[in-house]
Amino acid sequence: MAPESGSAATLSRLEQEGEIAADYLEGLLDIADLDGDIDMDVEGERASVSIIGDSGTRDLNKLVGRDGEVLEALQELTRLAVHRETGERSRLMLDIAGFRARKRAELAQLGAKAAAEVKASGEPVKLDPMTPFERKVVHDAVAAAGLRSESEGEEPQRRVVVLPV
């Protein structure tokens, strides 16, 4: 029974993070005079919060920014708001207008393509520099293809290298 109560406590903590984040983001949307619905979930070991547009996503795309730069900043601010309330570091993931979900699909495809290239050539493949989120998605896709990958370099030039078996 103890492991279940531990996982129930973790789930409860992550749900609390999601609620705190949703309250923070609702306030932000009000200040910015933007419309959006907030969806909360728990994925794996982290809270996940999405802002979904009611009528088109043009306004919400302002909160995504170029290549997700504004989204990354808002995610960090939301994590800080959760930390302020709970006293614990948050690994919460924020998505706005489906940007991160689309990016995840593109990156999974990139990782699978790089893995196929490595299987065919037997040579390592170095990918372009990526954010930690992007690298994680690619590492997962490479592992799903049965290969190994590593990150190399220093931020912001850190990249994934797909290795042969």
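You'll find the structure just up there.
1. Points about the pattern of salt bridges
Piece 1. Following the criterion strictly, the structure yields 11 salt bridges and no others.
Piece 2. Measuring nitrogen to oxygen at the nearest pair gives 3.5 Å for the salt bridge that ties Arg-66 to Glu-69.
Piece 3. Between Asp-140 and Lys-136 there is a salt bridge; the shortest N-O distance is 2.7 Å. Within this pair, Asp-140 and its partner Lys-136 are both found in helix 5 (residues 132–144), separated by 4 residues, close to a single helical turn.
Piece 4. Lys-136 gets classed as partly exposed once you look at its relative accessible area, which sits at 47%.

2. Overview of the environment of Ser-12
Piece 1. Locating Ser-12 in the fold gives a position in helix 1 (residues 2–32).
Piece 2. Between the C-alpha atoms of Ser-12 and Val-42, which are 30 residues apart in sequence, the distance is 9.8 Å.

3. Description of the nonpolar core
Piece 1. Among the nonpolar cores identified, the biggest contains 18 residues, and Ile-51, Leu-60, Leu-63, Leu-94 and Ile-96 are the most heavily contacted of them.
Piece 2. Elements that contribute at least two residues to this core include exactly helix 1, strand 2 (46–52), helix 2 (58–64), helix 3 (69–86) and strand 3 (93–96).
Piece 3. Take this core: its biggest share by element is 4 residues, from helix 1.
Piece 4. The residues touching Leu-94, leaving out its near neighbours within four places in the chain, are Leu-25, Val-49, Ile-51, Leu-71, Leu-74, Gln-75, Thr-78 and Arg-100.
Piece 5. By size, the runner-up hydrophobic cluster in this structure holds 15 residues, among which are Ala-114, Val-118, Phe-133 and Val-138.

4. Observations concerning the sheet that holds strand 5 (residues 148–152)
Piece 1. Taking strand neighbours across the sheet as the criterion, the 3 strands line up as 4-6-5 in an open arrangement whose pairing is antiparallel. What marks the edges here is a single partner per strand, and that holds for strand 4 (125–129) and strand 5. With direction set aside, neighbouring strand axes in the sheet form an average angle of 20°.
Piece 2. Its contacts with the sheet place helix 4 (residues 99–121) against strand 4 and strand 6 (159–163), and it is angled at close to 155° to strand 4.
Piece 3. Those strands touched by helix 5 are strand 4, strand 5 and strand 6, and its axis lies near 160° from that of strand 5.

5. Quick notes on the environment of Lys-113
Piece 1. Structurally, Lys-113 can be placed in helix 4.
Piece 2. Between the alpha carbons of Lys-113 and Arg-148 there is a distance of 14 Å; along the sequence they are 35 residues apart.

6. Some words on the side chain of Glu-134
Piece 1. Inspection of the secondary structure puts Glu-134 in helix 5.
Piece 2. Beyond its immediate chain neighbours, meaning those up to four positions away, Glu-134 contacts Lys-103 and Leu-107.

Cut-offs used in this document
Residues numbered from 1 in each chain as written. Predicted model: local features only at pLDDT ≥ 70, side-chain atom pairs only at ≥ 80, totals over all residues. Heavy atoms only, no water. Salt bridge = Lys/Arg side-chain N within 4 Å of Asp/Glu carboxyl O. Helix = DSSP H or I, 4+ residues; strand = E, 2+ residues; numbered from the N terminus. Buried < 20%, exposed > 50% of the residue type's maximum accessible area, 1.4 Å probe, protein only. Core = buried A, V, L, I, M, F, W, Y, C linked by side-chain atoms within 4.5 Å. Contact = heavy atoms within 4.5 Å. Pairing = 2+ DSSP bridges. Axes fitted to C-alpha atoms, helices over the stretch in contact; angles between N-to-C directions.

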